[in-house]
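An overview of the molecular structure
The lines below spell out each chain.
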Amino acid sequence: GGRRESGSGLNGNGRQDAGTLLEKDFGDMVQRFLLSNLEDFGIDKVTDFDSKSCSGQINLHNCYVLLGCIEALMNSLSSQAQTLDLDGSCESAIKGLFTLFTMFERLQNL
């Protein structure tokens, strides 16, 4: 049997189910983004964004993908902060939102 134990995140074989693993991986990805900066993605003020050059087109594409990722993470953290109690437990989600928003703004202004 692959019977899932209620609320434990484990299936009947003692393994974590896919949803639990995806949730953990998503949390890990959020943490990696929060600890990174644009330079970690090879993006800074001297990066070529000229749409007429091959490297500029690649860099522009990478920026659009990164903007989309950051926006999705901000939406997720925003939803998470709204569902947490207002007793201070949402503080880390709010800090994460600020960090991501700062990165988003900086990327848009390049």
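Structural data are supplied above this passage.
Residues numbered from 1 in each chain as written. Predicted model: local features only at pLDDT ≥ 70, side-chain atom pairs only at ≥ 80, totals over all residues. Heavy atoms only, no water.

Focus: the overall build of the protein chain
Along the backbone of the protein chain there are three helices and zero strands. Within the protein chain, the proportion of its 110 residues that are buried is 25%. Considering only contacts in the protein chain between residues 6 or more positions apart, those separated by 24 or more positions represent 49%. Roughly 7,800 Å² of accessible area belongs to the protein chain as shown, and the carbon and sulfur atoms make up 53% of that amount. (Helix = DSSP H or I, 4+ residues; strand = E, 2+ residues; numbered from the N terminus. Buried < 20%, exposed > 50% of the residue type's maximum accessible area, 1.4 Å probe, protein only. Contact = heavy atoms within 4.5 Å. Areas by Shrake-Rupley, 256 points an atom, 1.4 Å probe, with all protein chains shown as cover.)

Description of the packing of helix α2 (residues 54-83) against helix α3 (residues 91-108)
Interaxial distance between α2 and α3 falls to 9 Å at its minimum, and their mutual angle equals 160 degrees. Relative to α3, the element α2 lies roughly antiparallel. The chirality of how α2 crosses α3 is left-handed. Contact residues: α2 offers Cys63, Leu66, Leu67, Ile70, Glu71, Leu73, Met74, Leu77, Ser78, Gln80 and Ala81, while α3 offers Ala93, Ile94, Gly96, Leu97, Leu100, Phe101, Met103, Phe104, Leu107 and Gln108. Here the contact of α2 with α3 is composed, by residue class, of 16 nonpolar, four polar and one charged. (Axes fitted to C-alpha atoms, helices over the stretch in contact; angles between N-to-C directions. Parallel < 35°, antiparallel > 145°, perpendicular 65-115°, else oblique. Left-handed = near helix turned anticlockwise from the far one by under 90°. Nonpolar A, V, L, I, M, F, W, Y, C, P; charged D, E, K, R; others polar.)

Examining the pattern of salt bridges
All chains considered together, the criterion is met by two salt bridges. Across the salt bridge formed by lysine 24 and aspartate 28, the nearest N and O atoms sit 3.0 Å from each other. Linking lysine 24 with aspartate 28, this pair stays in helix α1 (residues 18-34), spanning four residues, or about one helical turn. Under the relative-accessibility criterion, aspartate 28 is labelled partly exposed at 36%. The salt bridge involving glutamate 39 is made with arginine 106; its shortest N-O contact spans 2.4 Å. Here glutamate 39, found in the loop between α1 and α2, pairs with arginine 106, found in helix α3; they are 67 residues apart in sequence, far enough to count as distant. Classification of glutamate 39 by relative accessible area gives partly exposed; the value is 39%. (Salt bridge = Lys/Arg side-chain N within 4 Å of Asp/Glu carboxyl O.)

Re the environment of aspartate 48
Tracing the chain through its elements places aspartate 48 in the loop between α1 and α2. Residues aspartate 48 and leucine 60, 12 residues apart in the sequence, show an inter-C-alpha distance of 8.5 Å. If sequence neighbours within four positions are ignored, aspartate 48 has contacts with Ser53, Ser55, Gly56 and Asn59.

Here's the deal with the packing of α1 against α2
Between α1 and α2, whose axes approach to 11 Å, the crossing angle comes to 115 degrees. The hand of the α1/α2 crossing is left-handed. Contact residues: Phe26, Met29, Val30 and Phe33 in α1; Leu66, Cys69, Ile70, Leu73, Ser76 and Leu77 in α2. Class assignment for the residues of the contact of α1 with α2 results in nine nonpolar, one polar and no charged.

Regarding α3
Helix length check: α3, at 18 residues, gives a terminal C-alpha distance of 26 Å against a target of 26 Å (1.5 Å per residue), a fit within 8%. All of the buried residues in α3 are Ala93, Gly96, Leu97, Leu100, Met103, Phe104 and Leu107. Down the axis of α3, the buried side of the element spans an arc of 130 degrees, and every buried residue falls inside it. Residues of α3 that are exposed and angled more than 90 degrees away from the buried face: Lys95 and Phe98. Of the surrounding secondary structure, the elements contacted by the buried residues of α3 are α1 and α2. (Expected span 1.5 Å × (residues − 1). Arc of directions from axis to C-beta.)

Structural measurements only, silent on function.
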